[in-house]
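# Reading the structure
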Amino acid sequence: MWITKHFRLSRAYSELENLTAERTAELQKLTHRLLRVQDEEKRKLARNLHDSTGQTLAALKISASLLQASCQQLPEARAIVSEVVQLADQAIEEIRTMSYLLHPPLLDEVGFACAAEWYIEGFAKRSGINVRADIKSPRTRLPRDVEIALFRVLQESLTNIHRHSGAADASIHFLHEGDAVILEIRDFGKGITEERLRLIHGVSAETGVGLAGMRERLHELNGRLEIESNARGTSMRATVPLALRTLSVPMETRGVVCAPLCA
């Protein structure tokens, strides 16, 4: 009797483990699909903002400028129109920045390294944080999904530094080492508490959506995310293997160099 009961419990436990593994795999597939859809929607939204809303605002500015020229004899009207022109300029700049932050054209045109340099420079200006960057451009373009994953990790990491670290300085290193690319983002702030660090290293939902997204992106690429923190700051290290992946055409055959960074 006892043996039969034990056998039934063992079989039930095994079935439960298999079901859990299946559901976990299904959830990961769904998460990966959601991240891909999210990236594509960001790309579409960025393009629409730039090509549609941006062009509409540019036409508005041109019309306002023409109106301004015809108001030379009406100082009050000229002042109002001048303010409209300034507001149009401000809106154009905000739309342009928003579009580029959603999905920078450099990421598609010349790859991760140039897009990362552009983003880091803009982040430093917006946040006031001094960022030292050592971004080594690979000789070949990385696969598109790797470039997107690395860029999203960079975005999320710098956002966390700005929001939570209290750091005045940060450093970023990117290199192609052996059969992998490595991106390390380090801040010199207050660090993460031990309790929070335990949650981060665990599987709790309390680790946050941004961190979970980074992990899932890297997991899909057979990569890993390592986090270390102490009273001197926090380090996040993303490693993506390339041995089984096909690299793109060498950069030098494309005749492409990293353009001056956008403001």
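Structure's up top.
Attention here is on the structure that accompanies the text. The shown structure was predicted, so the numbers you read here are calculated from the model rather than taken from an experiment.

### Considerations on the nonpolar core
Counting 44 residues, the largest nonpolar core has L150, L154, L158, I172 and L183 as the members making the most contacts within it. Counting five residues, the second-largest nonpolar core is a separate cluster that includes A46, L57, I95 and L102.

### Brief notes about the environment of Q55
Note that Q55 resides in helix α1 (residues 2–69). A residue is classified by how much of its surface remains accessible, and Q55, at 45% relative accessible area, is partly exposed. Placed 37 residues apart in sequence, Q55 and I92 show a C-alpha to C-alpha distance of 8.6 Å.

### Focus: the packing of aromatic side chains
Within the structure shown, the criterion is met by three aromatic pairs. For the ring pair Y119 and F151, a centre distance of 5.5 Å and an interplane angle of 75° mean the geometry is edge-to-face. Remark: F151 occurs in helix α5 (residues 144–165) and Y119 occurs in helix α4 (residues 112–127); sequence separation between them is 32 residues. Side by side, Y119 and F151 carry an identical accessibility label, which is buried. Three or more aromatic residues link up through ring pairs in this structure, and these residues are W118, Y119 and F151. Looking at R126, its charged tip hangs above the ring of Y119, at a distance of 5.6 Å from the centre.

### Overview of the pairing of strand β3 (residues 180–187)
Of all eight residues making up β3, seven are buried, and the element is well covered by its neighbours. Here strand β2 (residues 169–177) pairs with β3 via eight bridges, running antiparallel. Among the inter-strand pairings, L175 is bridged to a residue of β3, identified as I182. The turn joining β2 and β3, which pair antiparallel and follow one another in sequence, is formed by two residues; a positive phi near 65° is taken by G178. Alignment of β3 against strand β5 (residues 233–241), held across eight bridges, turns out to be antiparallel. Counted as the bridge partner of V181 is V240 from β5.

### Concerning the packing of α4 against α5
Close contact between α4 and α5 brings their axes to 10 Å; oriented N to C, the two are set at 15°. If you check the angle between α4 and α5, you find them roughly parallel. Note that α4 runs across α5; the crossing there is right-handed. Residue-level inspection shows F112, A115, A116, Y119, I120, F123 and S127 of α4 in contact with α5, the latter providing E147, L150, F151, L154, Q155, L158, T159 and H162. Of the residues assigned to the contact of α4 with α5, the class counts are 10 nonpolar, four polar and one charged.

### Observations concerning helix α2 (residues 75–102)
Helix length check: α2 (28 residues) gives 41 Å between terminal C-alpha atoms against 40 Å at 1.5 Å per residue, within 8%. Three or more residues of α2 are buried, namely V81, V85, A88, I95, S99, Y100 and L102.

### What about the side chain of T239?
With respect to the secondary-structure elements, T239 resides in strand β5. Note on T239: relative accessible area 7%, which makes it buried. The residues touching T239, leaving out its near neighbours within four places in the chain, are A180, V181, I182, G223, R224 and E226.

Calculation criteria
- Residues numbered from 1 in each chain as written.
- Predicted model: local features only at pLDDT ≥ 70, side-chain atom pairs only at ≥ 80, totals over all residues.
- Heavy atoms only, no water.
- Core = buried A, V, L, I, M, F, W, Y, C linked by side-chain atoms within 4.5 Å.
- Buried < 20%, exposed > 50% of the residue type's maximum accessible area, 1.4 Å probe, protein only.
- Helix = DSSP H or I, 4+ residues; strand = E, 2+ residues; numbered from the N terminus.
- Phe/Tyr/Trp six-rings, centres within 6.5 Å; stacked < 30°, edge-to-face > 60°.
- Lys NZ or Arg CZ within 6 Å of the ring centre and 35° of its normal.
- Pairing = 2+ DSSP bridges.
- Axes fitted to C-alpha atoms, helices over the stretch in contact; angles between N-to-C directions.
- Parallel < 35°, antiparallel > 145°, perpendicular 65-115°, else oblique.
- Left-handed = near helix turned anticlockwise from the far one by under 90°.
- Contact = heavy atoms within 4.5 Å.
- Nonpolar A, V, L, I, M, F, W, Y, C, P; charged D, E, K, R; others polar.
- Expected span 1.5 Å × (residues − 1).

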